[in-house]
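Here is how the chains run, residue by residue.
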Amino acid sequence: NAGALWGGRFAGGPADALAALSKSTHFDWRLARHDIEGSRAHARVLGAAGLLDDEQLAGMLAALDVLDADVEAGRFGPAPDDEDVHAALERGLIERAGTELGGRLRAGRSRNDQIATLVRMYLREHARLVAAGVLDVVDALVAQAAAHPGAAMPGRTHLQHAQPVLLAHHLLAHAWPLLRDVARLQDWDARAAASPYGSGALAGTSLGLDPAAVARDLGFERPVENSIDGTAARDVVAEFSFVAAMIGVDLSRLAEEVVLWATKEFSFVTLDDAYSTGSSIMPQKKNPDVAELARGKAGRLIGDLTGLLATLKGLPLAYNRDLQEDKEPVFDAVDTLEVLLPAVAGMVATLQFHTDRLAALAPQGFALATDVAEWLVRQGVPFRVAHEVAGACVRECEERGIELWDLADDDLAAISEHLTPGVRSVLSVEGSLASRDAVGGTAPSRVGEQLALAEQTLAEA
Ligand code: ARG
């Protein structure tokens, strides 16, 4: 194989079975553009170190430009014999620059430092795209919150009615984790901004090439501190995969609620036709497939992370070929999120909330019992007693099949001397909401502040 990057010490070529196992062009070809960018930077440091004269450097860069254009236009691609993206592109370079000049580029670099660098370049680019997609989902949540300023809904714990909350408060509770995911991607980028180029196979270069110059050229902030670490570490890939999985999990929790909310029994929302699907047999069906796929893809994203961590566990330093297995899962995570996020954003943006039903259900299930107990505390009653008294109100109502606000003054007085008619001030959803007015609470004034903060965070992200 004329394009092979190795072979000198071998009497024969690789077995077909080995070549088939070893090959990675079907997934690493997506790094071709980054590989060529890396080659340009590498050619320049070879020039700076006197290993390419001005004419050779100009010829090399010109050939790389032609190769780049040919790759871009689909005129050049990996051949069946090419082991990986690096081998394919060296073949392409030699075809364009000739063996004499093209054969000089590989000096002082290894596929080990190349691939470690290219993956970082690729993921740093896509981290920005993924973050933009997450922000679009946040934007949709924030817009829905802003569109329903006073709407109440049943807040739940254990999926049981707990206390009334504002719909906007609940929607923003899905926005904040996603904003933290975006912050995670930004924090991650600071760690990913170190270039392994120049680490060589593992020990660094003897040719006087400047890793800092290559790093600058490729948009990194600095070269890695240690060439062994630079070629062997994949925590930067694993950390990206974790953030991708976390985004998947955060979307999945929102998605599960949308699935429930769209049922006949809940009837909290109607999905837009553009974001729901039909059934091939049941003509009436309108299914929440976007939400279900979001829930399903979370499992896949978690698998991408755990598969990679399992691959890394126990690998000795420095490079081992196992590391080639980092790419398919992390590329899958990128592809999954890039197709999922716009669909979730569209689904959320077009959800139609049934605010009358939400408001009617908000106080059901004795959701104001805590308000009774806390009202008693404000009258000086110890909470232990207040809890018992409010509980007795619930028991009485349950037996009689009525709601807390149906209890007459006499009923209240019979339960406890502390239950004066003043307690009625908190036996309404509005009263309950307004009373939870500390920072982070569901009182309309606080949710208004929270919404402004979310909008500001979104604008600055
Ligand atoms: N294709 C490999 C990878 O993705 C890079 C090549 C390193 N191969 C080697 N035999 N040292 O990790």
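As the structure is a prediction and not an experimental result, all values here were calculated from the model. (Residues numbered from 1 in each chain as written. Predicted model: local features only at pLDDT ≥ 70, side-chain atom pairs only at ≥ 80, totals over all residues.)

Concerning the overall build of the protein chain
Line of reasoning, step 1. Counting its regular elements, the protein chain contains 18 helices and 6 strands.
Line of reasoning, step 2. In terms of C-alpha radius of gyration, the protein chain reaches 31 Å, well past the compact-globule figure of 23 Å for 461 residues.
Line of reasoning, step 3. Considering only C-alpha atoms, the protein chain reaches an extent of 100 × 55 × 40 Å along its principal axes.
Line of reasoning, step 4. Taking all 461 residues of the protein chain together, 41% fall into the buried category.
Line of reasoning, step 5. Long-range contacts, defined here as pairs at least 24 residues apart, represent 75% of the contacts in the protein chain between residues at least 6 apart. (Helix = DSSP H or I, 4+ residues; strand = E, 2+ residues; numbered from the N terminus. Rg over C-alpha atoms; globule rule 2.2 N^0.38 Å. Buried ≥ 20, exposed ≤ 12 C-beta atoms within 10 Å, placed from the backbone. Contact = placed C-beta atoms within 7 Å.)

Structural notes on the site of the ligand
Line of reasoning, step 1. Inspection of the region around the ligand gives Ser-24, Asp-28, Asp-84, Arg-111, Asn-112, Ile-115, Tyr-319, Arg-321, Leu-323 and Gln-324 as its neighbouring residues.
Line of reasoning, step 2. Classifying every residue of the shell around the ligand by side-chain character gives 3 nonpolar, 3 polar and 4 charged.
Line of reasoning, step 3. The residues that make up the shell around the ligand include at least three from each of domain 1 (16-107) and domain 2 (112-209 + 220-360). (Near = placed C-beta within 6 Å. Nonpolar A, V, L, I, M, F, W, Y, C, P; charged D, E, K, R; others polar. Domains from an automatic or database assignment.)

Side note on the pairing of strand β2 (residues 160-166)
Line of reasoning, step 1. Judged from the 6 bridges that link them, strand β1 (residues 152-157) and β2 form a sheet pairing that is antiparallel. The partner of Thr-157 across the bridge, within β2, is Gln-160.
Line of reasoning, step 2. With antiparallel pairing between neighbouring strands as the criterion, β1 and β2 make up a hairpin whose turn holds 2 residues, including His-158 at a positive phi of roughly 55 degrees. (Pairing = 2+ DSSP bridges.)

Focus on the packing of helix α14 (residues 369-378) against helix α15 (residues 383-400)
Each packed pair of helices is defined by two parameters, the angle between the axes and the distance between the axes.
Line of reasoning, step 1. Running from N to C, α14 and α15 point in directions that differ by 140 degrees, and their axes come no closer than 8 Å. Regarding the angle of α14 to α15, the classification is oblique. The way α14 lies across α15 gives a crossing that is right-handed. In contact with Ala-369, Val-372, Ala-373, Leu-376 and Val-377 of α14, α15 contributes Phe-383, Ala-386, His-387, Val-389, Ala-390, Cys-393 and Val-394.
Line of reasoning, step 2. Among the residues forming the contact of α14 with α15, the class breakdown is 11 nonpolar, 1 polar and no charged. (Axes fitted to C-alpha atoms, helices over the stretch in contact; angles between N-to-C directions. Parallel < 35°, antiparallel > 145°, perpendicular 65-115°, else oblique. Left-handed = near helix turned anticlockwise from the far one by under 90°.)

With respect to the UniProt feature "domain: Argininosuccinate lyase C-terminal" (unreviewed entry) in the protein chain
Line of reasoning, step 1. Annotation from UniProt places "domain: Argininosuccinate lyase C-terminal" (unreviewed entry) at residues 366-433.
Line of reasoning, step 2. Across residues 366-433, the secondary structure splits into 59% helix and 0% strand, with the terminal C-alpha atoms separated by 15 Å. (UniProt positions renumbered as here; feature names shortened; annotations may be inferred.)

A closer look at the environment of Asp-68
Line of reasoning, step 1. Mapped onto the elements, Asp-68 comes out in helix α4 (residues 54-72).
Line of reasoning, step 2. Residue Asp-68 is classed as buried on the basis of its 20 C-beta neighbours within 10 Å.

Regarding the packing of helix α6 (residues 111-147) against helix α7 (residues 167-192)
Line of reasoning, step 1. Orientation of α6 relative to α7, taken along the N-to-C sense of each, is 165 degrees, at an axis distance of 9 Å. Relative to α7, the element α6 lies roughly antiparallel. Crossing of α6 over α7 shows left-handed handedness.
Line of reasoning, step 2. In terms of residue class, the contact of α6 with α7 is made up of 21 nonpolar, 2 polar and 4 charged.

A closer look at the UniProt feature "domain: Fumarate lyase N-terminal" (unreviewed entry) in the protein chain
Line of reasoning, step 1. Look at the UniProt record and you will see "domain: Fumarate lyase N-terminal" (unreviewed entry) annotated at residues 14-303.
Line of reasoning, step 2. Note that residues 14-303 is 63% helix and 7% strand, and that its end C-alpha atoms are spaced 33 Å apart.

Points about the nonpolar core
Line of reasoning, step 1. Counting 120 residues, the largest nonpolar core has Val-134, Val-137, Leu-141, Ala-152, Val-344, Met-347 and Val-372 as the members making the most contacts within it.
Line of reasoning, step 2. Ranked by residues supplied to this core, first place goes to α6 with 17 residues.
Line of reasoning, step 3. If we skip the residues at most four places from it in the chain, Leu-141 touches Leu-171, Leu-172, His-174, Ala-175 and Val-348. (Core = buried A, V, L, I, M, F, W, Y, C linked by C-beta atoms within 7 Å.)

Some thoughts on the environment of Ser-195
Line of reasoning, step 1. Relative to the assigned elements, Ser-195 resides in strand β3 (residues 194-195).
Line of reasoning, step 2. Setting aside residues up to four positions removed in sequence, Ser-195 forms contacts with Thr-117, Pro-211, Val-214, Ala-215, Leu-218, Phe-220, Pro-223 and Val-224.

Regarding the domain arrangement of the protein chain
Line of reasoning, step 1. Each assigned domain of the protein chain is listed here: domain 1 (16-107), domain 2 (112-209 + 220-360) and domain 3 (369-427).
Line of reasoning, step 2. Placing the centre of domain 1 and that of domain 2 at their C-alpha centroids yields a distance of 33 Å.
Line of reasoning, step 3. On the domain 2 side, the residues contacting the 15 residues of domain 1 number 13 residues.
Line of reasoning, step 4. Where the side of domain 1 that touches domain 2 is concerned, the elements lending two or more residues are α2 (25-28) and α3 (32-48).
Line of reasoning, step 5. With 6 residues, α3 is the single largest residue contributor to the side of domain 1 that touches domain 2.
Line of reasoning, step 6. In the side of domain 1 that touches domain 2, the residues fall into 7 nonpolar, 5 polar and 3 charged.

Quick notes on the environment of Leu-451
Line of reasoning, step 1. Note that Leu-451 resides in helix α18 (residues 444-460).
Line of reasoning, step 2. Residues Leu-451 and His-169, spaced 282 residues apart in sequence, show a C-alpha to C-alpha distance of 8.5 Å.
Line of reasoning, step 3. If we skip the residues at most four places from it in the chain, Leu-451 touches Val-142, Ala-145, Ala-146, Ala-168 and Leu-172.

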